[in-house]
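So you can see what is in the structure, the chains are spelled out below.
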Amino acid sequence: MSIYVGNLSYEVNEEALKGIFTEYGSVKRVQIPTDRETGRVRGFAFVEMESEADEEKAIEALEGAEWMERTLKVNKAMPREDRSSSRGGRRNSRF
């Protein structure tokens, strides 16, 4: 399972984000996507923790928290295939 962390500062780095989540348990992996063209952080990340219990604690504590002058959006990450259906399934279609 993975945690989605949104509304991140564009100044965020992996070490800082891992430090925040380590307060709630052991962090396995942090992934901060960047824009392909500019290399700039896209404003969200994914965090994987050792246990689901640790993930639940982190989500509960950090959802809506202020960090780096931003209000975090923290919840369970949805599998890639579930996200596309929320857009009505219109990927790359023309109107």
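Residues numbered from 1 in each chain as written. Predicted model: local features only at pLDDT ≥ 70, side-chain atom pairs only at ≥ 80, totals over all residues. Heavy atoms only, no water.

Sorry, what's going on with the side chain of S2 here?
Mapped onto the secondary structure, S2 falls in the segment before β1 (3-6). Overall, S2 belongs to the buried group, its relative accessible area being 16%. (Helix = DSSP H or I, 4+ residues; strand = E, 2+ residues; numbered from the N terminus. Buried < 20%, exposed > 50% of the residue type's maximum accessible area, 1.4 Å probe, protein only.)

In this structure, what is going on with helix α2 (residues 52-62)? I would like to understand it.
Since one α-helical turn is 3.6 residues long, residues separated by three or four positions face the same way. Where α2 is concerned, the buried positions are D54, E55, A58, I59 and L62. Looking down the long axis of α2, one finds its buried residues gathered within 135° of arc, a one-sided arrangement. Relative to its buried face, α2 has exposed residues pointing more than 90 degrees away, namely A53 and E60. Against β1, α1 (14-22), β3 (44-49) and β6 (73-76) lie the buried residues of α2. (Arc of directions from axis to C-beta. Contact = heavy atoms within 4.5 Å.)

Hey, could you run me through the environment of V5 in this one?
Residue placement: V5 occurs in strand β1. For V5, a relative accessible area of 0% corresponds to the buried category. Each C-alpha atom, one on V5 and one on L72, is 6.8 Å from the other, the two residues being 67 residues apart in sequence. Dropping the residues within four chain positions of it, V5 is found in contact with L17, F21, G43, F44, A45, V47, L72, K73 and V74.

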